[in-house]
Amino acid sequence: NTLFLSRGTWSSTKQDARLNFQMGYEVSYETGGGKRIEGDFQSMGDYSLFGSLQWKLGRDLMAQPGLRISHNTDYRAQPVPSLHILWKKSEQAQFRFNYARGFRAPSIKELYIEFIDANHNIVGNPGLRAEYAHHLDLSAVRTFKDKRSVHALRIKPSLFYNHLSNQIELALVDVGQFSYVNVSQTQTAGTVIDMLYTIHPDFSFKA
């Protein structure tokens, strides 16, 4: 298998500007060939343009909307938006909100592999649909610091939610035979709390 990948970006990062930007392109072209690929040769291309703005809405509030538009040679790719918001209430307290839409076309291996021998029986599934996803997360960072020493405690609680449509999984589809299938809906949600306690510039505890 071979993969050609090219990516280029152009961005503005002026420190005092109210509005900065990033834009670019990404080209991906994958090929697969040989006896373990159905038809002996397959290829797929994915061509994308993307851009985002970093917009200062106030002294302490920043928003970063983004958009990615893609053309896939085998699948219809919808526009993929994203939004990131940062609120710096103070040097010790920050809040973040992130949303992103996701798209992933099946790989050539998932579509066309034929790996059958004494120990393996894996076949691709040309009928696979592309994955789509929504991701949301909300987090905060609170730092407690003793001004008279280097001791500091940083607590970072976060919540996340993921919703995937047509998630691609390897599954047992027949006696001894595995193939790739779509799982119609998958949802995950949870919370994470990270803590970092610093007692010296070179020594800290993380949990």
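That block above? That's the structure.
Here's what I pulled together on the structure shown here. Note that the structure is predicted; figures quoted are calculated from it, not measured. (Residues numbered from 1 in each chain as written. Predicted model: local features only at pLDDT ≥ 70, side-chain atom pairs only at ≥ 80, totals over all residues. Heavy atoms only, no water.)

So, on to the environment of S90. On the secondary structure map, S90 appears in the loop between strand 5 (80-88) and strand 6 (93-104). Measuring from C-alpha to C-alpha, the distance between S90 and D117 comes to 62 Å, with 27 residues separating the pair along the chain. (Helix = DSSP H or I, 4+ residues; strand = E, 2+ residues; numbered from the N terminus.)

When you line up the elements, S52 lands in strand 3 (residues 41-56). Judged by relative accessible area, S52 falls into the buried class, the value being 15%. (Buried < 20%, exposed > 50% of the residue type's maximum accessible area, 1.4 Å probe, protein only.)

Another point: the environment of F103. By the secondary structure assignment, F103 is in strand 6. Each C-alpha atom, one on F103 and one on Y132, is 4.7 Å from the other, the two residues being 29 residues apart in sequence. Once you skip the residues sitting within four places of it in the chain, F103 turns out to touch D46, Y75, R76, A77, V80, A130, E131 and Y132. (Contact = heavy atoms within 4.5 Å.)

With that out of the way, let us pick up unusual backbone geometry. Of note in the backbone geometry, D40 takes a positive phi value of approximately 75 degrees without being a glycine. One can find D40 in the loop between strand 2 (19-33) and strand 3. Classification of D40 by relative accessible area gives exposed; the value is 51%. The backbone of N166 shows a phi angle near 60 degrees, a positive value even though the residue is not glycine.

According to the stated counting rule, one finds five salt bridges in the structure shown. Its salt-bridge partner being R59, residue D60 comes within 3.7 Å of it at the nearest N-O pair. For D60, a relative accessible area of 29% corresponds to the partly exposed category. Here R59 falls in the exposed class, since its relative accessible area comes to 80%. (Salt bridge = Lys/Arg side-chain N within 4 Å of Asp/Glu carboxyl O.)

Bridge count for strand 9 (residues 131-145) against strand 10 (residues 152-174) is 12 bridges, and the pairing is antiparallel. Paired with F144 across the bridge in strand 10 is L153. Where strand 9 hands over to strand 10, the hairpin turn is made up of six residues, counted between the paired strands. Sheet analysis places strand 10 next to strand 11 (residues 177-200), joined by 21 bridges and oriented antiparallel. (Pairing = 2+ DSSP bridges.)

Keep in mind that these numbers describe shape and distance, not what the molecule does.
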